[in-house]
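# Tertiary structure, described
Below, each chain spelled out in residue letters.
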Amino acid sequence: MKEVKHYKRDRRRKKGGIVSTVILVVALAVFCFSGYQLYKIFGGYFKGQKEYDKIREIAVEEKDKNNFRVNFDELLAINPDTVGWLRFYPEPAQINYPLVQTDNNDLYLSKTFSANENTVGAIFLNYINHPDFNDKNTIIYGHRMKDNSMFHELEKYQEKSFWEENQYFYIYTPDGREITYQIYSAGIVKETSDSYITEFSSTEEFDDFLETTRIGSAYETGVQVGSRDLVVTLSTCTKESDDNRMVVRGVKISEKNLD
């Protein structure tokens, strides 16, 4: 009888040892897979940042606040889809990228400016808009990356105190223009929001759009926008929901030729 009891106990121990080993192997496999996924993600971030740093070194000639130049010949040689350059000053200075446009809004979600496959993508112009930035509402898209790159810093405009110190952004064009925009509205909207309307059949329809964007702002800015004005809407995802977007809207206040 003692031998039978010992045998049964040994079998239970053996089974328990096997189960523990299986659990350990599975846990290690999950750990390794998770580690690999994180490596891919952060490796992609690193490569993306390096690529855009290199593009800035090649194309940007910046001596001071009032002497910012972009070498579009260099950019167009790298990517013929180049339509401009977007820059914030003084902050969020991280948003300092080339602008591209193609015949759809999907390609540059996963391709960088240099056409490399990468989740950081590129900052791109809505394919419906004209590349001269003379539409009533021009939309520019970019990812909200967890390493604070691309359009991540737009979320800072949810706070009025940040807007008060950083009200302007600039677009540079291949034909030598520097266009200055003053932010008149910022906040979180649904992806189906009227913020994404780009064509207006009448002055009244555009005025309604402007009123909607004012109401949709997280705070009142007091910046005046009228029916003759031109607007640029910057759009990115939010951490709250896949259905929401963070939008920052600027009205064109000046333009000068740098050539």
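Keep in mind that what you see is a predicted model, and the values were worked out from it rather than measured. (Residues numbered from 1 in each chain as written. Predicted model: local features only at pLDDT ≥ 70, side-chain atom pairs only at ≥ 80, totals over all residues. Heavy atoms only, no water.)

## A closer look at the overall build of the chain
Counted only if it meets this: Every helix listed is a DSSP run of H or I at least four residues long, and every strand listed is a run of E at least two residues long, numbered separately from the N terminus. Think of it in three bands: residues with accessible area under 20% of the maximum for their type are buried, residues over 50% are exposed, and the middle band is partly exposed, with areas taken using a 1.4 Å probe on protein chains only. By the convention used here, residues are in contact when the closest approach between their heavy atoms is within 4.5 Å. In this description, accessible areas are obtained by the Shrake-Rupley approach with a 1.4 Å probe, and a residue is regarded as covered only by the protein chains that are shown.
Looking only at helices and strands, one finds 4 helices and 10 strands in the chain. Moving toward the C terminus, one meets the helices and strands of the chain in the order α-β-β-α-β-β-β-β-α-β-β-α-β-β. Counting over 259 residues, the chain shows a buried share of 43%. For the chain, restricting intrachain contacts to residue pairs at least 6 apart in sequence, the fraction spanning at least 24 positions comes to 62%. Summed over all atoms, the accessible surface of the chain reaches about 14,400 Å², with 52% contributed by carbon and sulfur.

## Regarding the pattern of salt bridges
The following threshold applies: Any Lys or Arg side-chain nitrogen found within 4 Å of a carboxyl oxygen on Asp or Glu counts as a salt bridge.
Throughout the structure, instances matching the rule amount to 10 salt bridges. We note a salt bridge from Arg-144 to Glu-155, for which the minimum N-O separation is 3.0 Å. Taken together, the positions of Arg-144 in the loop between β6 (137-141) and α3 (160-165) and Glu-155 in the loop between β6 and α3 put the pair 11 residues apart, joining distant regions of the chain. Judged by its relative accessible area of 23%, Glu-155 falls in the partly exposed class. One salt bridge in this structure joins Lys-252 and Glu-255, with 2.6 Å as the shortest N-O distance.

## Things to note about the sheet that holds strand β9 (residues 231-237)
Applicable threshold: Pairing between strands is defined by DSSP: at least two bridges between the two strands are required. Axis definition: a line fitted to C-alpha atoms, limited for helices to the stretch in contact. Angles are taken between N-to-C directions and run from 0 to 180 degrees.
Spatially, the 8 strands close up into a barrel ordered β3-β4-β5-β6-β9-β10-β8-β7, and their pairing is mixed. The mean angle between the axes of side-by-side strands here comes to 30 degrees, regardless of whether they run parallel or antiparallel. In the sheet, strand β7 (residues 168-172) pairs with strand β8 (residues 177-190) via 5 bridges, with the strands oriented antiparallel. Directly across from Phe-169, in β8, lies its bridge partner Tyr-181. Each of β6, β8, β9 and β10 (244-257) touches helix α4 (residues 203-215); the most contacted strand, β8, lies at about 65 degrees to it.

## Some thoughts on α4
Rule in force here: Under the convention used throughout, the expected extent of a helix is 1.5 Å for every residue step, that is, one less than its residue count.
Across its 13 residues, α4 extends 18 Å between first and last C-alpha, which sits within 8% of the 18 Å expected from 1.5 Å per residue. For α4, the elements touching its buried residues are β6, β8, β9 and β10.

## Digging into the side chain of Ser-195
Inspection of the secondary structure assignment puts Ser-195 in the loop between β8 and α4. By relative accessible area, which is 2% here, Ser-195 ends up buried.

## Focus: unusual backbone geometry
Cis geometry marks the peptide bond from Tyr-89 to Pro-90; its omega dihedral reads 5 degrees. With respect to the secondary-structure elements, Pro-90 resides in the loop between β3 (82-88) and β4 (96-100). A positive phi angle is found at Phe-133, which is not glycine, with a value near 65 degrees. Following the sequence through the fold, Phe-133 ends up in the loop between β5 (123-125) and β6. Positive phi, close to 75 degrees, is recorded for Asn-148, a residue that is not glycine.

## Considerations on the side chain of Thr-173
Here is the rule we go by: Polar contact is defined as a pair of N or O atoms within 3.5 Å, subject to the rule that within protein one atom must be able to donate a hydrogen and the other to accept it, and that residues adjacent in sequence are counted only when both atoms are side-chain atoms.
Assignment of secondary structure puts Thr-173 in the loop between β7 and β8. A polar contact of 2.3 Å, which involves the side chain of Thr-173, links it to the side chain of Asp-175. Apart from the residues within four sequence positions on either side, Thr-173 is in contact with Phe-72, Val-83, Gly-84, Phe-133 and Ile-179.

## Topic: the pairing of β6
Burial runs high along β6: 4 of the 5 residues are buried. Two strands pair when backbone bridges link them, and β5 and β6 are joined in this way by 2 bridges, in the antiparallel orientation. Note that in β6 the partner of Phe-124 across the bridge is Tyr-141. The pairing of β6 with β9 spans 5 bridges and is parallel. From the neighbouring strand, Ile-140 faces β9, where its bridge partner is Leu-234.

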